[in-house]
Amino acid sequence: MTADTSKAATRIRSLALILLVLMPLSALGTRFGLWPFTIGLLLLSVSLLGSLIIQIINAIWLLRKPSAGTKSALRLASLFALPPLVLMATMMKGGEGSRAGIHDISTDLDNPPVFVAAVAERGSESNPLEFKAEVAAIQRTAFPDIDTLTTKQAPKQAFTKALAAAAALGWEVYAQDQQQGHIEAVDTTFWFGFKDDVVIRIQPAVDGSNIDLRSVSRVGRGDMGANANRIRAFNSQFNAL
């Protein structure tokens, strides 16, 4: 610290660095079981909101034309606080779907695919698997593009292709029944390590097969659009095979 650098500016710079490190640490600590996901989300919120406050303070301080040393410390603090703000902006730009506040998404809202093996896989502390009418109403508005995937392939070929698509996406299949056209799998998110269960239902249709998916988070109220994006990713992967 140079003689003309404010001690407060130095502390802000240090705090901004701590908040920057806290952003990935909040997720990785949850993923590796150091703390529950609620603590991880709280730490992430502290990182995002703290970085926003630092940017506001820095902007006001820099308008007052501080000394060169103080200006340098504040600019470095702003640089440290930038990645959390980029993440915050990305989350806010997710559209209505990311703020829908639901974690259960189905391509068939009238007759959603039913989980069987997932009941034991998820455990008693996970979100319930009952599909509610109010969730369907929210989904119709937030995710109008989520719909049944149709293919000209027969159910047997569609089943094999669905398994291949799930594997390509990195899902862990823990139940499958070709005769019933039923597949269940779990997808683990990269940063926080959240586990979301997926059920795939394949039914014969006049010109091939209908494929319905349902993706449900094990924890949390909302999913920031993750389950809908997972279904979109499956549809794209299936059609690409």
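Note that the structure is predicted; figures quoted are calculated from it, not measured.

Thresholds applied
- Every chain's residues receive numbers from 1 upward, in the order its sequence appears when written.
- Local features in a predicted model are, by the rule used here, given only for residues with pLDDT of at least 70; side-chain atom pairs are given and counted only at 80 or more, and totals for whole chains, interfaces and linings are based on all residues.
- To obtain the side-chain values, all non-hydrogen atoms of the structure were used and water was disregarded.
- Secondary structure elements are taken from DSSP: a helix is a run of H or I of four residues or more, a strand is a run of E of two residues or more, and numbering for both begins at the N terminus.
- The size measure is the radius of gyration over C-alpha atoms, and the globule rule it meets is 2.2 Å times the number of residues to the 0.38 power.
- Type-normalised accessible area, obtained with a 1.4 Å probe on protein chains alone, sets the label of each residue: buried when under 20%, exposed when over 50%, and partly exposed for intermediate values.
- Here, two residues are considered to be in contact whenever any of their heavy atoms come within 4.5 Å of each other.
- What sets the accessible areas is the Shrake-Rupley method with a 1.4 Å probe; for residues, cover comes only from the shown protein chains.
- Only four residue types enter the tally: Lys and Arg on the positive side, Asp and Glu on the negative side; His and the chain ends are excluded.
- Charge positions come from single atoms, namely NZ of Lys, CZ of Arg, CG of Asp or CD of Glu.
- Strands qualify as paired when DSSP identifies two bridges or more between them.
- Think of it this way: a Phe, Tyr or Trp ring, Trp meaning its six-membered ring, pairs with another when their centres are within 6.5 Å, and the plane angle makes it stacked under 30 degrees, edge-to-face over 60, tilted otherwise.
- A ring has a charge above it when a Lys NZ or an Arg CZ is no more than 6 Å from the ring centre and no more than 35 degrees off the ring normal.
- For this document, the term salt bridge refers to a Lys or Arg side-chain nitrogen within 4 Å of an Asp or Glu carboxyl oxygen.

Student: Which residues make up the overall build of the chain, and what are the values?
Tutor: Assigned secondary structure in the chain consists of 8 helices and 6 strands. For the chain, the succession of helices and strands along the chain, N to C, is α-α-α-α-β-α-α-β-α-β-β-β-β-α. Its C-alpha atoms give the chain a radius of gyration of 23 Å, clearly above 18 Å, the size a compact globule of 241 residues would have. In terms of overall dimensions, the chain has C-alpha extents of about 80 × 35 × 30 Å along its principal axes. Put simply, the chain has 241 residues, and 44% of those count as buried. Considering only contacts within the chain whose residues lie at least 6 apart along the sequence, 66% involve residues at least 24 apart. Carbon and sulfur atoms make up 61% of the accessible area of the chain, which totals about 13,000 Å². Charge separation in the chain, taken as the distance between the mean sites of 23 positive and 20 negative side-chain charges, equals 16 Å.

Student: Explain the pairing of strand S6 (residues 208-217) to me, using residue names and the numbers behind them.
Tutor: Taken across its 10 residues, S6 has 9 buried, putting it largely inside the fold. Alignment of strand S1 (residues 104-106) against S6, held across 3 bridges, turns out to be antiparallel. Bridge pairing links Asp-104 to Val-216 in S6. Pairing of strand S2 (residues 149-151) with S6 involves 3 bridges; the strand directions are antiparallel. Paired with Leu-149 across the strands is Ile-211, a residue of S6.

Student: Any chance you could break down the packing of aromatic side chains for me, citing the residues and the numbers?
Tutor: Enumeration over the complete set of coordinates arrives at 5 aromatic pairs. Ring centres of Trp-171 and Phe-234 lie 5.7 Å apart, and the angle between their planes is 20°; on these two criteria the pair is classed as stacked. One end of the pair, Trp-171, is in the loop between helix H7 (155-168) and strand S3 (172-177); the other, Phe-234, is in helix H8 (residues 226-240), with 63 residues separating them in the sequence. Per residue, the accessibility class of Trp-171 equals that of Phe-234, and both read buried. Between Phe-192 and Phe-194 the ring centres are 5.2 Å apart and the planes differ by 5°, which places this aromatic pair in the stacked class. Taken together through their ring pairs, the aromatic side chains of Phe-37, Phe-192 and Phe-194 make up a single cluster. The ring of Phe-238 has Lys-161 lying over it, and the distance from NZ or CZ to the ring centre is 4.6 Å.

Student: Which residues make up the pairing of S3, and what values go with them?
Tutor: Two elements, S3 and strand S4 (residues 182-188), share 5 bridges in a ladder whose sense is antiparallel. By the bridge assignment, Ala-175 is partnered in S4 with Glu-184. Joining the antiparallel neighbours S3 and S4 is a turn of 4 residues, in which Gly-181 adopts a positive phi near 65°.

Student: Can you lay out the pattern of salt bridges for me, pointing to particular residues and giving the numbers?
Tutor: Should their charged atoms come close, side chains of opposite charge can pair. According to the stated counting rule, one finds 9 salt bridges in the structure shown. The salt bridge involving Arg-140 is made with Asp-110; its shortest N-O contact spans 3.4 Å. Remark: Asp-110 occurs in the loop between S1 and helix H5 (118-122) and Arg-140 occurs in helix H6 (residues 133-142); sequence separation between them is 30 residues. Residue class for Asp-110 comes out exposed when judged on its relative accessible area of 70%. One network of salt bridges, with partners in common, ties together Asp-108, Arg-201 and Asp-212.

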